[in-house]
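# A look at the structure
The lines below spell out each chain.
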Amino acid sequence: MAAFELYTKYARVWIPDSEGVWKPAELTRDYKQGDSVLHLLLEDGMHVEHPSDPEVPNLPPLRNPDILVGENDLTALSYLHEPAVLHNLKVRFIDSKLIYTYCGIVLVAINPYENLPIYGTDIINAYSGQNMGDMDPHIFAVAEEAYKQMARDERNQSIIVSGESGAGKTVSAKYAMRYFATVSGSASEANVEEKVLASNPIMEVTGSSWAIGNAKTTRNDNSSRFGKYIEIGFDKRHRIIGANMRTYLLEKSRVVFQAEDERNYHIFYQLCASSHLPEFQALKLGSVEDFLCTNQGRSPIIEGVDDAKEMSMTRNAFTLLGINDSYQMGVFRVLAAILHLGNVEVKDRDADSCTIQPNNGHLMVFCELLGVAYQDMTHWLCHKKLKTTTETYHKPLPKLQAVNARDALTKHIYAKLFGWIVDRVNRALQSSVRQHSFIGVLDIYGFETFEVNSFEQFCINYANEKLQQQFNMHVFKLEQEEYMKEQIPWTLIDFYDNQPCINLIEAKMGILDLLDEECKMPKGSDDSWAQKLYNTHLKMSPLFEKPRLSNKAFIVQHFADKVEYQCEGFLEKNKDTVNEEQITVLKASKFELLVELFQDEDKSTSPVGAPSGGRTRLSVKPNRTHPGQSSKEHKMTVGLQFRNSLHLLMDTLNATTPHYVRCIKPNDFKLPFTFDPKRAVQQLRACGVLETIRISAAGFPSRWTYQEFFSRYRVLMKQKDVLPDKKLTCKKVLEKLIKDEDKYQFGKNKIFFRAGQVAYLEKLRADKLRAACIRIQKTIRCWLQRKKYLRMKNSAITIQRHVRGYQARCLAKFLRQTRAAIIIQKYQRMFVERKHYKQQLAAALIIQCILRAYMARQQYRMLLREHKAIIIQKHMRGWMVRQWYNRSLAAVVYLQSCVRRMRAKHELKKLKIEARSVEHFKKLNIGMENKIMQLQRKVDEQHKENKAITERLVGLESSHTVESEKLRAEVTRLRSTEVEAKNNAGRIAALLEELEALRTEKSVIEEWAETYRDEMEQMVADLKEQNTLLKSEKDELNRLIQEQAELMAERMQRVLQEETRQLENELNEERSRYQNLLSEHLQLEERYDDLREEMNLTLHVPKQGRLRTDSTQSSNESYNSELIESEDGSRGLELQKRDDEQEKQSMQDKLERGEGQFQRAGGRDDEELKVCRGAELEYESLKRQELECENKKLKHDLNQMRQLLMDEAPVISTGTPSPAYKLLLDQLNSASEQLDVCKEEVLVLRSQLVNQKEAMQQKCENELCVGSLVHRHVEISGTSLQETKELTLSYTEEVQQMKGEGEVTCMKESHRVLEAQLQTQRSNYENELEVLRGELQNLREENNRQQQLLAQNLQLPPEARIEASLQHEITRLTNENMEMLTDHKSEYKVRLLLWQRIADLMDQLEKQEKIIRKFKKQLKIFAKKIGELEGGQTEAVSPGQVSDEPVQPVNIPRKEKDFQGMLEYKKEDEVKLVKNLVLDLKPRGVAVNVIPGLPAYILFMCLRHSDYINDDQKVRSLLTSTISSIKKILKKRGDDFETISFWLSNTCRFLHCLKQYSGEESFMKRNTPRQNEHCLTNFDLAEYRQVLSDLAIQIYQQLIRCMETILQPMIVSGMLEHETIQGVSGVKPTGLRKRTSSVVDEGTNTLDSILRQMTVFYSALCLHGTDAELIKQVFRQLFYIIGAVTLNNLLLRKDMCSWSKGMQIRYNVSQLEEWLREKNLVTCGAREMLEPLVQAAQLLQVKKKTDEDAEAICSMCHNLTTVQIVKVLNLYTPVNEFEERVSITFIRTIQTRLRDRKESPQLLMDTKIIYPVTFPFNPSSLALETVQIPSSLNLSFLVRV
């Protein structure tokens, strides 16, 4: 395809621009061949016409597709030209904040003028071990590539860092050296890598340059004014052993002259800033303004730099490199002397001579500091010596020559000092270890061009010409190698060769040769040298020109640009002459350092040493000095010296593999992330980047593998074109797509394209995709429109149907409504009329009814009024008559009484008078006679009547006999009636009296009731008011309390959660710190072992002719020696272990304090109960102490017996029993009897405890009954009082009702009822009180009986005091319960305390039984031994003796099951046991054939037997040997996952066995009774449990590192690079540095590889019986590593940050989650470890445009730091043209929203973190006696017990 065919409408091009160098435009018309102009549209909307010459192909360069913009490698661009390179760098630097970019083999580094967080240790670890193309461009990637090639190819490497001043060369070199120091480490104890890094701050300011070799220039505040080449030496293991530094062309002229806005070297300003220090007072320094050497530039201060502080850093660097304080002060004296020498003023004496004023202060200080004679120095500063064959003359110097001589001396002294410092640095960096290889870092000045260019710029540009030639040749060589590797026909590429320019400079009769020749001429001058240059090269070389307006300058056409050099000063600088007499004066100095500086002045120096003062150490062509060349070489010119040193440097570089770093200065104002295109293009042209692009573009710059090409451009192929052979398919497709075969070449593994062809293919692919999109859009839009039309049609028909139906329904409805209206009207009218008639009829009836009712009511009211009037009249009249009658009666009575009183008075008076007179008596007698006569007459009449009656009675006597009887009965009845009447009369009198009393009492009661009612009403009102207030206050208080309680609860909950979280974090931190200490301790042990092995190899060299021994014996001997050595090593590391133990103890104390806080926080509610039980616990402790004393006594007796048994065993076995043996038997018998007694006492105690428990239960019930009765009594009392009040009130009401009615009988009856009720209640109360008193008396008696029982128990013997103490406790509890009952304590608390106390006593009893059982077992063991001994004695006795002696009964112990589950071995078999069970064991075979954890069970069973026989030495030896053997096997097979996982499982199982059978209750809860019998009896192995726990932690960490090593190569390729979902993400064009392909090839790790490997891990762990909780922790750590490594690579790889890659990552994470679900590991926390990776993948997929999107991102990515979020957004790269980049505004919005986050500024996750591991106790259900030992373990020497 022709080039002009690409210039179609909408094609994008670059056109030149005066401001931005290039600016983008777009074609508005198709370009046709022959057109003179191109119609373009700029980005600002302006239309322009760009001229084009039809004859000359000068079409503007095409722009690359947007998906290629921002690529990591410039050679990946389809169009390789200057605007594409410039735009790509600008986009990466400004938009993505990326300062590094590859350009083929060159790393382009742009100075950001800002500190970036991309140089930390985490970044170094991320780049370590990675291929150069697998990560984003970085200086660390170049350093890693150099380090890797040095280790792989065994070839020296060089990193060439170049660029102009201020571009960041020194910083890049420093970071490269930091990478080497971090990755490789040091092979010695001198920390060489630290010294290498410290060599920079010797003269460093602001951490980026050198204080003695750096100065401020107009372009850079910290510009290196010399070149340096640092060789970093490595040993065979690729560890740093030393370094060496060579320097080039120090700018000495800066010591005496500085241009405007520049400074001298930083060290002078640091000295002046520190002049106030006491040690610097003797230097007599002052301000920098006081010295000519420091005030010429008029810019003594650098913003942000503290010279005094930097001076302190410089001195620290001196100290680190071995320069002591005395030498440092010597250096500062020399530097101060240089400042004073620059202030020495020379004055004219005459035209040909000059003088220095006497006693010149500065010169005197100079001489004083350097220890030289003042007169000699004064003389030779103004004179020089001329020698002839016969005489010597002292010639005076004119002022100008004297000043130049002074300045020359100043520069010479500084150069010597600089060289001396470099030499001391090299000495400090030297190593005694032989150097195997090195990596050189060349930090050299870049191409320079100024307004005035002198000798220094000429040398610099000459060096850059040489470096550019070497660079071009290397690039050309790499291109040739690539073509030959791919078997592509080689065609010569035309590239710029700058050899003619180099010849112009260094060839014979070249510029330098003519300069040296002119320097030898006596009358040589700059003008004559310029004329020689014109005459020699002006017509001969096209690269040499003469300026038009000058005869003292020349122009050289360099590879970068034309440079005009001024000839003035060339000869003087090239000669670099110093007055020899001045040097002689300095050599005569008493100052040792000054003499040392000039002691080699007469010796031959290397070519490099002259300009730099440093020594030279070359690896390729060493410089050999001949004795006769001293004077000649001393007179070598600077140009010749520089040329020779440059040749040696090029030889060194050519002998190494070079790596190139080109530093670019983006702007001249040092503004952060500001890009000046003009300055950038200028530097790109000068540093050779564009030349690299041109060489690449001249050949086949774009290269694709067949698989990548097929995957990317599959869309351009038809189905019939796809063949099984991908290579053949690609060939056929390319033949159809690109007709010109010269545009591509098929290599062995790749397809090579010329420039622009990939863009053409991308255009075809984009067109195809665009056409497909258009077709899809067309089809979908058609389908949508048709669907919309059909929907509208159906809707219209439906609407019509519904409308017509609606209209028909409306018509029918209208007709129905019309007919209905008529009917309604008819019925309505009828209804209205009928209703009207009915209303009228009803109204008439109602009116009639109302009128009649009214009349009837009126008549009734009239009759009623009349009737009531009559009644009223009747009553009124009756009342009036009664009133009148009563008044009249009263008046009559009163009148009668008055009259009668008056008459009586008169009669009385009259009678008194008559009584005194005789007449009265006479009258009385007359009256008496008359009366007597009347009575006589009456008697006679009566007599007559009596006779008549007698007669009648006699007559009637018979008839009245019956009647008389009747009368008698009547008389009797009457008499009884009379008696009754008399009685009734008495009763009436009593009742009347009682009634009167009741009336009085009633009145009193009524008054009291009235008063009481008023008081009660008032009180009730007050109480109600108070109750209302109290209720309101109560409600308010309740509300406040509730609110406070809620607040306190919430606060406490938050505080508790915070404390819990803090304690958990602290605990995890302590665990992590402790486990890190363990790992460091392990590393120290390994290092110690390595050193010991090296020492053994060094000291114990095997001699010749040694006889071979048996392999088993030798292995055992070696093992024994290793054990001995390990013991020695352990002694040697006791101090470290002690520190570790102290650290561990402090961590445990912190853990205990944390747990104590938890317990105190959780146990605050139980404090009262604990206080109540304090006294009880004290009493219990006393009892336990008594029992413990008894137990200790028994233990002492047993130990005494055991010792006697050990001592007397030989005697017993051979002869008669000794006294010790008899004593042993006696003690055993007594101990057995005592134990039997204790056992019986325990049984009795238990029975009594049960009885006491029952008694206490009964007593508790009685006491509770008493409490209930008392409670009931209180309730009844309250009820009776209430009833009394109610009766009083009811009685009062009854009295009030009876008041006025006079019903005395009813009142009397109620009074009687009241009295009866009160009497009944009183009697009931008295009865109940009597019952309660009786019960209380019974309880007192029971208490007395208990006290008596306690007194009796106290009189018992000491053996029965346990029972007495129990009874005493029970009695005391009874008393306390009684007190609690009397104090109204609750029933629940009493019962709770009682049962808790009983439970505590039962626990004590069980503990004592356990101790007794333990002693019983020991006694059985001793009895068994005694039985064996007795059996041996019996066998030793002859048969005759046996028959003669009486047979004594022997206790034959039966075989107990308690002794099962143990393995016995001999002490000498321990080595064999450990060797066969640990060292020679193959985990794979054991795991398949036997139960998991078998070695742990076997070791524990052997340990049990050692504990069983109470052999502490055997226990200690077995445990020590086991632990050391496990460490040895793990060190030997540290990279074998099977071995590490196997021993992790067995170590944990061994640890669990030690806990399970330790005898501690906390570990015995899940044991079976049989397992409890197998507990250890004699030794407490808690300390060894801690040692095993530490060992398990070390094995766990080693397991994690092993798994990480296995899984690390799979993570990036499986999680990021491999396309699990094929076809989602296309392969983008790549550059020279190819990345790992995302397409599956053979051997490529995929996600399935990761899952398979994790399945292998999981299966192995399960097969070895690893605890489930430990497996969860392992995979939690493993998933953290997967997530961290994947995220770190994502953050460092721009090509992985795309939407499709985010979907791939989320799919991969889902597959990992599915794997977790399959293995039941969902709850282990592994999923949470992937959360940062998931959020990063989501961040790649979400929308990134609006503020709502920013808010969603901030809330979603809570596990990502702000730096990580911004980094992902900056790296986001569209893979297809349909995606969009993230705008800078959106990224700034994210940063603004996240600026308040408090988080670490670290970019990458730390992949080296190992979370602290815990080993939860997991007891085994396996019975030890069932363990079977397979014969394959070769453990036949173990005997079951």
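Quick summary incoming for the structure in this document. (Residues numbered from 1 in each chain as written. Predicted model: local features only at pLDDT ≥ 70, side-chain atom pairs only at ≥ 80, totals over all residues. Heavy atoms only, no water.)

## Some thoughts on the overall build of the protein
Within the protein, the regular secondary structure consists of 53 helices and 25 strands. In the protein, which comprises 1841 residues, the proportion classed as buried is 43%. Within the protein, contacts between residues separated by at least 24 positions form 73% of all contacts whose residues are at least 6 apart in sequence. Surface exposure of the protein reaches about 101,000 Å², of which carbon and sulfur atoms provide 54%. (Helix = DSSP H or I, 4+ residues; strand = E, 2+ residues; numbered from the N terminus. Buried < 20%, exposed > 50% of the residue type's maximum accessible area, 1.4 Å probe, protein only. Contact = heavy atoms within 4.5 Å. Areas by Shrake-Rupley, 256 points an atom, 1.4 Å probe, with all protein chains shown as cover.)

## Observations regarding helix α4 (residues 169–184)
Because an α-helix completes one turn every 3.6 residues, residues spaced three or four positions apart along the sequence face the same direction. Taking 1.5 Å of rise per residue, the 16 residues of α4 would be expected to cover 22 Å, and the 23 Å separating its terminal C-alpha atoms lies within 8% of that figure. Buried residues dominate α4, accounting for 12 of its 16 residues. Turning to α4, its buried residues are Lys169, Thr170, Ser172, Ala173, Lys174, Tyr175, Ala176, Met177, Tyr179, Phe180, Ala181 and Ser184. (Expected span 1.5 Å × (residues − 1).)

## Here we look at the sheet that holds strand β2 (residues 21–27)
Ordered in space as β1-β2-β3-β4, the four strands form an open sheet in which the pairing is antiparallel. Only two strands of the sheet have a single partner each, and these edge strands are β1 (12–17) and β4 (47–51). Sheet twist, expressed as the mean angle between neighbouring strand axes with direction ignored, is 50°. Note: strand β3 (residues 37–42) against β4, five bridges, orientation antiparallel. Bridging across to β4, Leu40 finds its partner in Val48. Against the sheet, helix α1 (residues 82–95) contacts β1 and β2, and its axis sits at roughly 105° relative to β2. (Pairing = 2+ DSSP bridges. Axes fitted to C-alpha atoms, helices over the stretch in contact; angles between N-to-C directions.)

## Looking at the nonpolar core
Generally speaking, nonpolar side chains in soluble globular proteins are found buried as a group. Among the nonpolar cores identified, the biggest contains 313 residues, and Phe180, Phe554 and Phe1675 are the most heavily contacted of them. Among the nonpolar cores identified, the runner-up in size contains 31 residues, and Leu62, Trp704, Phe709 and Leu734 belong to it. (Core = buried A, V, L, I, M, F, W, Y, C linked by side-chain atoms within 4.5 Å.)

## What about the packing of α1 against helix α23 (residues 677–687)?
α23 packs onto α1 with a crossing angle of 120° between their chain directions and a minimal axis gap of 11 Å. Classified by the interaxial angle, the pair formed by α1 and α23 is oblique. Remark: the crossing between α1 and α23 carries right-handed chirality. Of the residues in α23, those touching α1 at Glu82, Val85, Leu86 and Leu89 are Pro677, Ala680, Val681, Leu684 and Arg685. (Parallel < 35°, antiparallel > 145°, perpendicular 65-115°, else oblique. Left-handed = near helix turned anticlockwise from the far one by under 90°.)

## A word on the pattern of salt bridges
Going through the model one piece at a time under the given rule, you end up with 45 salt bridges. We note a salt bridge from Arg1570 to Glu1825, for which the minimum N-O separation is 3.6 Å. Note that Arg1570 is positioned in helix α44 (residues 1569–1573) and Glu1825 in the loop between α53 (1784–1793) and β25 (1839–1840), a separation of 255 residues in sequence. Look at Glu1825 and you get partly exposed, because its relative accessible area is 21%. Here the salt bridges share partners, and the residues they tie into one network are Arg225, Glu251, Arg254 and Glu262. (Salt bridge = Lys/Arg side-chain N within 4 Å of Asp/Glu carboxyl O.)

## Quick notes on unusual backbone geometry
Of note, Arg298 is a non-glycine position whose phi angle comes to about 55°, a positive value. Note on placement: Arg298 falls in the loop between α7 (292–295) and α8 (307–320). Located in the positive-phi region is Asn1720, a residue other than glycine, with phi close to 55°. Structurally, Asn1720 is set in the loop between α48 (1699–1718) and α49 (1726–1729). You can call Asn1720 exposed: its relative accessible area is 61%.

## A look at the sheet that holds strand β18 (residues 553–557)
The three strands are arranged β17-β18-β19 in an open sheet whose pairing can be described as antiparallel. Lying at the two open borders of the sheet, with one neighbouring strand each, are β17 (544–545) and β19 (562–566). Sheet analysis places β18 next to β19, joined by five bridges and oriented antiparallel. When the bridges of β19 are listed, Ala553 appears paired with Gln566. Helix α16 (residues 526–537) contacts β17 and β18 of the sheet and is inclined by roughly 40° relative to β18.

## Digging into the packing of helix α45 (residues 1582–1617) against helix α46 (residues 1647–1663)
Between α45 and α46, the shortest axis-to-axis distance is 8 Å and the interhelical angle comes to 160°. When the interaxial angle is binned, α45 and α46 end up roughly antiparallel. Note on element contacts: α46 touches α45 through Leu1647, Ser1649, Ile1650, Gln1653, Phe1657 and Leu1661, opposite Leu1599, Met1603, Ile1606, Leu1607, Met1610, Ile1611, Gly1614 and Met1615. A breakdown of the residues in the contact of α45 with α46 according to their chemical character gives 11 nonpolar, three polar and no charged. (Nonpolar A, V, L, I, M, F, W, Y, C, P; charged D, E, K, R; others polar.)

## Description of helix α47 (residues 1668–1691)
Between its first and last C-alpha, α47 extends 34 Å over 24 residues, near the 34 Å set by a 1.5 Å rise per residue. Along α47, 21 of the 24 residues are buried, which leaves the element largely enclosed by surrounding structure.

## Section: the packing of aromatic side chains
Counted under the stated rule, the structure contains 41 aromatic pairs. When the centroid spacing of 5.4 Å and the interplanar angle of 35° are considered together, the rings of Phe554 and Tyr565 count as tilted. Highlighted residues: Phe554 in strand β18 and Tyr565 in strand β19, separated in sequence by 11 residues. Given a relative accessible area of 0%, Tyr565 falls into the buried group. A centroid spacing of 5.9 Å and a plane angle of 25° characterise the contact between Phe709 and Phe753, whose relative ring orientation is stacked. In this pair, Phe709 sits in helix α25 (residues 706–712) while Phe753 sits in strand β23 (residues 750–753), placing the two residues 44 residues apart along the sequence. For the pair shown, Phe709 and Phe753 are each scored as buried. Its end group placed over the ring of Phe673, Lys97 keeps NZ or CZ at 5.4 Å from the ring centre. (Phe/Tyr/Trp six-rings, centres within 6.5 Å; stacked < 30°, edge-to-face > 60°. Lys NZ or Arg CZ within 6 Å of the ring centre and 35° of its normal.)

## A few points about the environment of Ser1820
As for its position among the elements, Ser1820 is in the loop between α53 and β25. The class for Ser1820 is buried, based on a relative accessible area of 11%. It is 8.4 Å that separates the C-alpha atoms of Ser1820 and Arg1549, two residues lying 271 residues apart in sequence. In contact with Ser1820, not counting residues within four places along its chain, are Tyr1497, Arg1549, Gln1556 and Gln1571. In terms of polar contacts, Ser1820 uses its side chain to reach the backbone amide nitrogen of Leu1822, at 3.1 Å. (Polar contact = N/O pair within 3.5 Å; in protein donor to acceptor, adjacent residues only side chain to side chain.)

## So, the pairing of strand β6 (residues 106–110)
Along β6, five of the five residues are buried, which leaves the element largely enclosed by surrounding structure. Between strand β5 (residues 100–103) and β6, which pair antiparallel and follow one another directly, the connecting turn spans two residues, one of which, Gly104, has a positive phi of 70°. Here five bridges tie β6 to strand β20 (residues 657–664), and the two strands are oriented parallel to one another. Across the sheet, the residue bridging to Val106 is Tyr660, located in β20.

## Here's the deal with the pairing of strand β16 (residues 437–443)
In terms of residue burial, β16 counts as a mostly covered element, since seven of its seven residues are buried. Alternating positions in β16 separate into two faces, Ser437, Ile439, Val441 and Asp443 on one and Phe438, Gly440 and Leu442 on the other, with burial throughout. Judged from the five bridges that link them, strand β7 (residues 157–162) and β16 form a sheet pairing that is parallel. Counted as the bridge partner of Val161 is Asp443 from β16. Two elements, strand β10 (residues 227–234) and β16, share seven bridges in a ladder whose sense is antiparallel. Counterpart to Ile232 in the pairing with β16 is Ile439.

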